[in-house]
Amino acid sequence: LPFCVKLKYYPFEFLIQLKCFLVNLNRNTIIVCRFAGFHTILPVIVGKLFSIKVNIILGGTECHKFPSINYGAYLRYFYSLAIKISLRNASLLLPVHQSLMDCKYDYDSSGAPRQGCKVFCENLNTPFVVINNGYDGNSFYYTGTPRVANSFISVANNYNGGEYFRKGTDLIIEIAKQLSHCSFTLI
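So, here's what we can say about the structure. What you see is a predicted model; the values in this text were computed from it and never measured.

**Thoughts on the side chain of Gln115**
Here comes step 1: By the element assignment, Gln115 lies in strand E5 (residues 114–115).
Here comes step 2: One polar contact links Gln115 to His64, side chain to side chain, over a distance of 3.3 Å.
Here comes step 3: Within the structure, the side chain of Gln115 is placed 3.0 Å from the backbone nitrogen of Lys65, a separation counted as a polar contact.
Here comes step 4: Beyond its immediate chain neighbours, meaning those up to four positions away, Gln115 contacts Cys63, His64, Lys65, Phe66, Ser99, Met101, Asp102, Cys103, Tyr105 and Phe120.

Encoded structure:
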């Protein structure tokens, strides 16, 4: 749904969230949120009011701003404001990679020369601990099984969705057309 259509549901979502907090208030010792946004405003308020720790796992969009591909939560004023309030008032931030906090960015000139939530959320002093997304390099390795030469596999995104372009599915399809001697599989 377009962002403006979803916006009308937020008051109901806040009420449902508030009811959940009130029912479980005496059992909460910590609140953990995945990503930051409108949905993390109420948890940080409840956390502050009732001395409950609020940890926010940072996954990407709340740490970047790429206007040319319409990616990043800081492209929308009110959404970025919600993120800033949440990040500044959380007890602990848990980025899935160090670069989500602050990093030099020179891969593509369409992005800011620095990326990360510390770049876009000024005066961010909330402590953070990097937690990787659960990838275990020891579990994924070459087993010696013969591979088909010049074959590639990738996970594709919805053709009608914005991630189709942001994740590069369109580029994989274009390359596949140019490299007819190769085999491409999109899942």
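Moving on from the model shown.
**What about unusual backbone geometry?**
Here comes step 1: Of note in this structure, Phe35 is not a glycine but carries a positive phi near 70°.
Here comes step 2: Note on placement: Phe35 falls in the loop between strand E1 (30–34) and helix H3 (41–50).
Here comes step 3: Given the relative accessible area of 31%, Phe35 is considered partly exposed.
Here comes step 4: One non-glycine residue, Asn150, adopts positive backbone phi at about 55°.
Here comes step 5: When you line up the elements, Asn150 lands in the loop between helix H5 (117–120) and strand E6 (151–154).

**Some words on the environment of Leu75**
Here comes step 1: Residue placement: Leu75 occurs in the loop between strand E2 (53–58) and helix H4 (77–89).
Here comes step 2: A relative accessible area of 29% means that Leu75 is categorised as partly exposed.
Here comes step 3: Taking the C-alpha atoms as reference points, Leu75 and Lys65, separated by 10 residues in sequence, lie 6.5 Å from one another.
Here comes step 4: Apart from the residues within four sequence positions on either side, Leu75 is in contact with Lys65, Phe66, Pro67 and Asn70.

**So, the side chain of Ser80**
Here comes step 1: You can see Ser80 is positioned in helix H4.
Here comes step 2: Using a relative accessible area of 6% as the deciding quantity, one classes Ser80 as buried.
Here comes step 3: For Ser80, the residues in contact, after removing those within four places along its chain, are Ala73 and Tyr74.

**Focus on the sheet that holds E1**
Here comes step 1: With respect to topology, 3 strands assemble into an open sheet ordered E1-E2-E3, the strand pairing being parallel. The open sheet is flanked by E1 and strand E3 (92–95), the only strands paired with a single partner. Between one strand axis and the next, the sheet turns through 20° on average, direction left out of account.
Here comes step 2: Examined bridge by bridge, E1 and E2 share 5 bridges and lie parallel to one another.

**Observations concerning H3**
Here comes step 1: Within H3, burial applies to Ile41, Leu42, Pro43, Val44, Val46 and Gly47.
Here comes step 2: Taken together, the buried residues of H3 touch helix H2 (10–24), E1, E2 and H4.
Here comes step 3: Just downstream of H3 lies Ser51, where phi reads positive at about 50°.

Calculation rules
- Residues numbered from 1 in each chain as written.
- Predicted model: local features only at pLDDT ≥ 70, side-chain atom pairs only at ≥ 80, totals over all residues.
- Heavy atoms only, no water.
- Helix = DSSP H or I, 4+ residues; strand = E, 2+ residues; numbered from the N terminus.
- Polar contact = N/O pair within 3.5 Å; in protein donor to acceptor, adjacent residues only side chain to side chain.
- Contact = heavy atoms within 4.5 Å.
- Buried < 20%, exposed > 50% of the residue type's maximum accessible area, 1.4 Å probe, protein only.
- Pairing = 2+ DSSP bridges.
- Axes fitted to C-alpha atoms, helices over the stretch in contact; angles between N-to-C directions.

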